[in-house]
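A structural walkthrough
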Amino acid sequence: MRKKIAVLISGTGTNLRSILEHIYLPQGLLNDLCEVVVVIGDRPEASPGLQIARSFNINYRSIERKLLKSKRQFEEEIIETINYFTAGKGVDYIVLAGFMSILSAEFVQKYCGKIINIHPADTKDYQGPAGYEWAYRNKLQETKITVHLVDEGVDSGPILAQQSVDLRGINNLEELKARGKSVEHLLYPKVLAQILTEES
Ligand code: GRF
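Model, not experiment: these values are computed from the prediction. (Residues numbered from 1 in each chain as written. Predicted model: local features only at pLDDT ≥ 70, side-chain atom pairs only at ≥ 80, totals over all residues. Heavy atoms only, no water.)

This part is about helix α6 (residues 173-199). Three or four residues apart is the spacing at which side chains of an α-helix point the same way, because the helix has 3.6 residues per turn. An ideal rise of 1.5 Å per residue puts 39 Å on 27 residues; α6 measures up with 38 Å between its terminal C-alpha atoms. At the N-terminal end of α6, a side-chain oxygen is found 3.2 Å from the backbone nitrogen of Glu174, two or three residues along, and the residue is Asn172. (Helix = DSSP H or I, 4+ residues; strand = E, 2+ residues; numbered from the N terminus. Expected span 1.5 Å × (residues − 1). Polar contact = N/O pair within 3.5 Å; in protein donor to acceptor, adjacent residues only side chain to side chain.)

Attention now goes to the side chain of Asp155. Take Asp155: it is sitting in the loop between β6 (142-149) and β7 (159-166). Comment: no salt bridge for buried Asp155; closest opposite-charge side chain is Lys71, at 13 Å. Side chain to side chain, Asp155 and Asn117 meet in a polar contact 3.4 Å long. (Buried < 20%, exposed > 50% of the residue type's maximum accessible area, 1.4 Å probe, protein only. Lys, Arg positive; Asp, Glu negative; His and termini not counted. Salt bridge = Lys/Arg side-chain N within 4 Å of Asp/Glu carboxyl O.)

With that settled, the discussion passes to the site of the ligand. All residues in the neighbourhood of the ligand are listed as Gly11, Thr12, Gly13, Thr14, Asn15, Gly98, Ile118, His119, Pro120, Tyr132, Lys181 and Glu184. At 2.7 Å, a side-chain N or O of Lys181 approaches an oxygen atom of the ligand. When residues of the shell around the ligand are traced back to their parent elements, those giving at least two are α1 (14-24), β5 (115-119) and α6. (Near = heavy atom within 4 Å.)

Moving on: the packing of aromatic side chains. Counted under the stated rule, the structure contains four aromatic pairs. With a centroid separation of 5.1 Å and an interplanar angle of 45 degrees, the aromatic rings of Phe107 and Tyr111 are classed as tilted. A residue is classified by how much of its surface remains accessible, and Phe107, at 2% relative accessible area, is buried. Classification of Tyr111 by relative accessible area gives buried; the value is 9%. With a centroid separation of 4.8 Å and an interplanar angle of 20 degrees, the aromatic rings of Tyr126 and Trp134 are classed as stacked. For Tyr126, a relative accessible area of 16% puts it in the buried group. The class for Trp134 is buried, based on a relative accessible area of 15%. (Phe/Tyr/Trp six-rings, centres within 6.5 Å; stacked < 30°, edge-to-face > 60°.)

Structure (structure tokens):
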């Protein structure tokens, strides 16, 4: 049976696009393994990531953190939205794809071992946002994209997979990001496929 996943985003949604392509386009790594029940973004509805969900005919919701009173309310809305789109059954996995809000310990415990994230650096060396900027500033020759389970800390959960990106010959930050993201776009669906295959 196809696993149910929810994808949480904040940014441009390029990882979301890649995941959706691998689920819904022919010969994708995630064909028949899962379905996206809802994409939730913490930015306005018109933001690029949510529009990608729309273009794939996937349910999507904008839940803007800054319009809500508290983080608790924000997370309650996320949980309610997931429950709404699964008729109360919930999802098998929550996939973070550039989701910039830090989830509370309560939220993480509720979905313990079921929240997955992709980070643009080795989580042992660098945690938090702007991992590509960090690699560029420090003139790294190589960085490691990391897919990991989310725990109560920031980018501190168990590592599921890593892939090196060769940064030699990079001329600017944009080039570095493009090189890194092209690795992300294949690594994330690959790791998700592994997890979902092992489970089924
Ligand atoms: C990616 O670099 C990802 O590793 C990080 O946030 C970025 C999201 O990019 N967690 P996009 O929105 O998928 O384009």
